[in-house]
Amino acid sequence: TKENVTSSSSQASHGAADMTRRMVCGGLAGMIAKTATNPLDRIRMLSQTGEHGTSTNPGSKKVTPFQLYRSILQNEGLLGLWAGNGANLLRVFPAKSIVFASNDFYRGAFGRIYWGSSSN
């Protein structure tokens, strides 16, 4: 009847709004985590590529992460630890939003299939 159609339409729009909310929350959580860990990721990347500029002599000993940290601060300043973070955030937001939203969706779907409810 008309009441059932209105009720199912309301549930569908609520489900879409809930999925959108979960996607935004997942994307923002991923961006915050990536921004918090970007200095460590930057040091890791520089140590792997050898593009840190701390030593021009190829026969010199290995550069430690702490030396890389100090080199970045001296050459680029504090914001140098977050160089390239914007590009990472453009990659992280859609990926984490889909992962977060689909995790909740499939958890609820499989919960209903296997356990008869949407909870564990």
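Conventions used here
- Residues numbered from 1 in each chain as written.
- Predicted model: local features only at pLDDT ≥ 70, side-chain atom pairs only at ≥ 80, totals over all residues.
- Heavy atoms only, no water.
- Helix = DSSP H or I, 4+ residues; strand = E, 2+ residues; numbered from the N terminus.
- Buried < 20%, exposed > 50% of the residue type's maximum accessible area, 1.4 Å probe, protein only.
- Contact = heavy atoms within 4.5 Å.
- Core = buried A, V, L, I, M, F, W, Y, C linked by side-chain atoms within 4.5 Å.
- pLDDT = per-residue confidence, 0-100.
- Expected span 1.5 Å × (residues − 1).
- Salt bridge = Lys/Arg side-chain N within 4 Å of Asp/Glu carboxyl O.
- Patch = residues over 30% accessible without salt bridge, like charges linked within 9 Å, V, L, I, M, F, W, Y side chains within 5 Å.
- Areas by Shrake-Rupley, 256 points an atom, 1.4 Å probe, with all protein chains shown as cover.
- Bend = angle between axes of the 7 residues up to and from the residue.

**Quick notes on the side chain of K34**
Phase 1 of the analysis: Here K34 is to be found in helix α1 (residues 2-49).
Phase 2 of the analysis: Judged by its relative accessible area of 17%, K34 falls in the buried class.
Phase 3 of the analysis: With near-sequence residues (within four places) excluded, K34 lies in contact with D41, N85, N88, L89, R91 and V92.

**Observations concerning the nonpolar core**
Phase 1 of the analysis: The biggest cluster of nonpolar side chains holds six residues, and these are I43, L46, V63, L68, I72 and L81.
Phase 2 of the analysis: For this core, the secondary structure elements donating two or more residues are α1 and α2 (65-76).
Phase 3 of the analysis: When sequence neighbours within four positions are dropped, the list of residues in contact with I72 reads R42, I43, L46, G77, G80 and L81.

**Thoughts on the confidence of the model for the protein**
Predicted coordinates in areas of low pLDDT are best not read in detail.
Phase 1 of the analysis: Summarising the model, the protein shows a mean pLDDT of 83, and 78% of its residues fall at 70 or more.
Phase 2 of the analysis: Of all helices and strands in the protein, the one with the weakest mean pLDDT is α1 (83), whereas α2 scores best (94).

**Comments concerning the environment of R91**
Phase 1 of the analysis: Secondary-structure assignment places R91 in helix α3 (residues 85-114).
Phase 2 of the analysis: When its relative accessible area of 49% is taken as the criterion, R91 is described as partly exposed.
Phase 3 of the analysis: Between the alpha carbons of R91 and G30 there is a distance of 10.0 Å; along the sequence they are 61 residues apart.

**Some words on α2**
Since one α-helical turn is 3.6 residues long, residues separated by three or four positions face the same way.
Phase 1 of the analysis: Under the 1.5 Å per step criterion, the end-to-end length of α2 is 16 Å for twelve residues, consistent within 8% with the ideal 16 Å.
Phase 2 of the analysis: Looking one or two residues past α2, G77 carries a phi angle of roughly 85°, positive in sign.

**Considerations on the pattern of salt bridges**
Oppositely charged side chains can form a pair if their charged atoms are brought close together.
Phase 1 of the analysis: Using the criterion set out here, one finds five salt bridges in the structure.
Phase 2 of the analysis: Salt-bridge contacts for D41 lead to R44; the nearest nitrogen and oxygen are separated by 2.4 Å. With D41 and R44 both in helix α1 and three residues apart, the pair spans about one turn of that helix.
Phase 3 of the analysis: As a salt-bridge pair, E76 and R42 come within 3.1 Å of each other at their nearest N and O atoms. Within this pair, whereas E76 is found in helix α2, its partner R42 is found in helix α1, the two being separated by 34 residues in sequence.
Phase 4 of the analysis: By relative accessible area, E76 is classed as partly exposed at 42%.

**Some points on a nonpolar patch on the surface**
Phase 1 of the analysis: On the surface, F105, Y106, F110, I113, Y114 and W115 cluster together into a nonpolar patch covering about 770 Å² of accessible area.
Phase 2 of the analysis: Within the secondary structure layout, F110 lies in helix α3.

**Here's the deal with α3**
Phase 1 of the analysis: Given a rise of 1.5 Å per residue, 30 residues ought to cover 44 Å, and the 41 Å separating the end C-alpha atoms of α3 matches this to within 8%.
Phase 2 of the analysis: The sharpest bend along α3 measures roughly 30° and falls at V92, with the proline P94 sitting one to four residues further on.
Phase 3 of the analysis: When α3 is considered as a whole, its buried residues turn out to be N85, N88, L89, V92, S97, A101, G108, A109 and G111.
Phase 4 of the analysis: Just downstream of α3, G116 is the residue with a positive phi angle, here 80°.

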